[in-house]
Amino acid sequence: MGELVHRLLERNAQKYPQVQALCDPANGVNWSWAELDRLAGAAARQLAAAGVQRGERVVLFMPNRPEFAVGYFATLRAGGVAVPVNPRFTAPELAHILKNSGAAAVVYDPALAQVATQAVAQAESTAQLLSAPALLEPAPAGGLPLPTDLTPDDLAELIYTSGTTGAPKAAVLSHAAVYATCSMFAYELDIRLGDRVLSLMPMTHSAVLNLTFLGAAYAGATSVIGNYAPQVLPQLVQQERCTHFFGAPVAYLLSGKLPNLGEFDLSSMKRWIYGGAPMSREQVLAVREKFGPNFVAVYGLTEAGPNGTALFMAEQVAHAGSVGRRGTVNTEVRVVRPDGSETDPNEVGEILLRTSSAMNGYWQNEAATRETLRDGWIWTGDLARRDDEGYIYVVDRKKDLIITGGVNVYPKEVEDVLARHPAVEECAVFGTAHPEWGESVVAAYVPRGGGAVAAAELDAFCAGQLARFKVPRQFHPIAALPRNSNGKILKPVLRQQFSAPSD
């Protein structure tokens, strides 16, 4: 059945009132569970005074800062539904979310006041605008009473997906689903009272919010928060003696380039956790050399909480590049053909998940819900194969599959080969329209050291390891791959940029 998510805060305030709940070194904040509970209670009454009623949506529009935690718990305590929004969004992008969610309030970072105000105007929204620091002021007198009859089936979050293809959709997560997610993470990643869980990736992302931030709350552990930069990661681990960190692969790859990384004391870390984007075997092994052996891969998606599978420390070397072979403690996983039948070993199929942390559906989008949720299973859109031991290797997103001359090409397979070239720092492979073949295989790459490589050299390198139809027809050097704030490469941007005449 689950539990109300904000009860985690109330429980910790009763059990561990003086234990540090939230640490934000950049802003000099060190709140105990009792302090965070008191602030969230006052902020909940502020939201109620602003007219937020049970079931209404409250947008949280800010980078990682203490008021995010206050606003999140306050929203749930007021009976509202938290809608975390990427602080990099422009006014039109935020306006879409305001319209789609019908938000009653927007809690915004002061630096984003203009964007928030413009978005409310563009959406013709009646949402109340509240500055994040104002949440920390004393609660006003009067206002609506806080609800006392919430159940785990009440909605807790609308989480908008990355939106790398078209407008983002919102996954609807109940209190029960979020509770199932954070309790799973604390169990599987061994988060305990006294641990210090570092959140540097955006807390507006479902993994950071529901896995690390709420996973720490479930265990009574301390959340250390900040905003990612390559140097900040090892600095805070050393300074705050952090024990757990979740990051997209790009976070490890960028911090791993620091020339002084070896000077930091990272010995406090129990788990380095990565997920959210593919990581090749070579990248996994290289990152472990830099940071140490305590790595765990997690695979999942927002629609599942996020929840899914894990590849644990003891499996990392032998099965680097895999996402594990079993679902997490409350999740089942299958790899199936389009008709739903199980694939054979090494046959590519789609990953399906069944979990107690699954979304109710997409907000006001029944067609997309029917496509994704079928007979209790989430059809993830991720293509993968199981090896002979049952380990799952994600091949690619279904939507990124390239069909050239009627033959399937999986971009990740080509990327894994191209990335082995010593002059290639990182790369992305995608399809562009071709009048005869349907699609043409194209690669964009970041040259190591800045110097472009002759296309003929890259062609020969790939042709030595791939069938000719998989080898990119074009190789484009690029200063940096375009990414969203969660570290995912924006292939639609690359397709548009390098959409070229037929070859």
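Everything discussed here concerns the structure shown above.
A quick note: this is a predicted structure, and the numbers were derived from the prediction, not measured. (Residues numbered from 1 in each chain as written. Predicted model: local features only at pLDDT ≥ 70, side-chain atom pairs only at ≥ 80, totals over all residues. Heavy atoms only, no water.)

Colleague: I'd like to hear about the packing of helix 1 (residues 7-15) against helix 2 (residues 33-49), residue by residue, with values.
Modeller: Between helix 1 and helix 2, the shortest axis-to-axis distance is 8 Å and the interhelical angle comes to 135°. Classified by the angle between their axes, helix 1 and helix 2 sit oblique to one another. For the pair helix 1 and helix 2, the crossing hand works out as left-handed. Within the contact between the two elements, helix 1 uses Leu9, Glu10, Asn12 and Ala13 and helix 2 uses Trp33, Ala34, Leu36, Asp37 and Ala40. Split into classes, the residues belonging to the contact of helix 1 with helix 2 amount to six nonpolar, one polar and two charged. (Axes fitted to C-alpha atoms, helices over the stretch in contact; angles between N-to-C directions. Helix = DSSP H or I, 4+ residues; strand = E, 2+ residues; numbered from the N terminus. Parallel < 35°, antiparallel > 145°, perpendicular 65-115°, else oblique. Left-handed = near helix turned anticlockwise from the far one by under 90°. Contact = heavy atoms within 4.5 Å. Nonpolar A, V, L, I, M, F, W, Y, C, P; charged D, E, K, R; others polar.)

Colleague: Break down the sheet that holds strand 10 (residues 222-225) for me, with residues and values.
Modeller: Spatial ordering of the open sheet is given by 2-1-10-9-11-12-13-14, a layout of eight strands whose pairing is mixed. A single partner strand is all that each edge strand has here, and the edge strands are strand 2 (29-32) and strand 14 (307-311). The average undirected angle you get between the axes of adjacent strands in this sheet is 20°. The sheet contact formed by strand 12 (residues 271-274) and strand 13 (residues 295-301) spans three bridges and is parallel. By the bridge assignment, Ile273 is partnered in strand 13 with Val296. The strands touched by helix 2 within the sheet are strand 1 (20-24) and strand 2, with strand 2 carrying the most contacts at an inclination of about 90°. Taken strand by strand, helix 7 (residues 206-219) contacts strand 1, strand 9 (196-199), strand 10 and strand 11 (244-247), and its axis lies near 160° from that of strand 9. (Pairing = 2+ DSSP bridges.)

Colleague: Explain the sheet that holds strand 24 (residues 438-447) to me, and be specific about the residues and the numbers.
Modeller: Reading across the sheet, the three strands line up as 23-24-25 and stay open at both edges, with mixed pairing between neighbours. Every interior strand has two partners, whereas the edge strands, strand 23 (424-434) and strand 25 (474-477), have only one. Strand-to-strand, the axes of this sheet are offset by a mean angle of 25°, without reference to chain direction. Examined bridge by bridge, strand 23 and strand 24 share 10 bridges and lie antiparallel to one another. Paired with Val424 across the strands is Pro447, a residue of strand 24. Strand contacts of helix 12 (residues 411-418): strand 23, strand 24 and strand 25, with the helix running at about 145° to strand 23, the strand carrying the most contacts.

Colleague: Give me the lowdown on the packing of aromatic side chains, citing residues and values where you can.
Modeller: As enumerated under the stated definition, the model contains 13 aromatic pairs in all. On the basis of an interplanar angle of 20° and a centroid distance of 6.3 Å, the ring pair of Trp272 and Phe295 is categorised as stacked. Taken together, the residues span a long stretch of sequence, with Trp272 in strand 12 and Phe295 in strand 13 at a distance of 23 residues. Per residue, the accessibility class of Trp272 equals that of Phe295, and both read buried. The aromatic ring of Tyr362 is capped on one face by Lys169, whose charged end is 5.0 Å from the ring centroid. Over the ring of Trp379 we find Arg374; its NZ or CZ atom is 4.0 Å from the centre of that ring. (Phe/Tyr/Trp six-rings, centres within 6.5 Å; stacked < 30°, edge-to-face > 60°. Buried < 20%, exposed > 50% of the residue type's maximum accessible area, 1.4 Å probe, protein only. Lys NZ or Arg CZ within 6 Å of the ring centre and 35° of its normal.)

Colleague: Tell me about the pairing of strand 13, and please be specific about residues and values.
Modeller: Burial runs high along strand 13: six of the seven residues are buried. One crossover worth recording links strand 12 to the parallel strand 13 by way of helix 10 (residues 281-291), and it is right-handed. Pairing analysis gives five bridges linking strand 13 to strand 14, with the strands arranged antiparallel. Considered in strand 14, the bridge of Val298 is made with Ala310. The turn joining strand 13 and strand 14, which pair antiparallel and follow one another in sequence, is formed by five residues; a positive phi near 130° is taken by Gly305. (Right-handed = clockwise from strand over helix to strand, strands pointing away.)

Colleague: Would you mind going over the layout of surface pockets in detail, with residue names and values included?
Modeller: In this structure, the second largest pocket spans a volume of roughly 320 Å³. In this structure, the second largest pocket is lined by 15 residues; those nearest its centre are Arg385, Tyr393, Val394, Lys412 and Asp416. Only helix 10, strand 20 (392-397) and helix 12 provide two or more residues apiece to the lining of the second largest pocket. Counted by class, the lining of the second largest pocket contains six nonpolar, two polar and seven charged residues. (1 Å grid on protein atoms, 1.4 Å probe; cavity = no way out; pocket = protein on both sides within 12 Å on 5 of 7 lines; lining within 4 Å. Points joined across faces, edges and corners; volume = space filled by probe spheres on them.)

Colleague: Can you explain empty space enclosed by the protein? Please cite residues and give values.
Modeller: Scanning the model with the defined rule gives two cavities of 30 Å³ or more in all. Lining the largest cavity are Met201, Pro202, His205, Val208, Phe246, Ala248, Gly275, Gly276, Ser485, Asn486 and Lys488. Partitioning the lining of the largest cavity into residue classes produces five nonpolar, five polar and one charged. In this structure, the second largest cavity encloses a volume near 30 Å³. As for the second largest cavity, its lining consists of Ala21, Trp33, Leu36, Phe73, Phe213, Ala216, Ala217 and Ser223. Per-element tally for the lining of the second largest cavity: the top contributor is helix 7, with three residues. For the lining of the second largest cavity, the per-class residue count stands at seven nonpolar, one polar and no charged.

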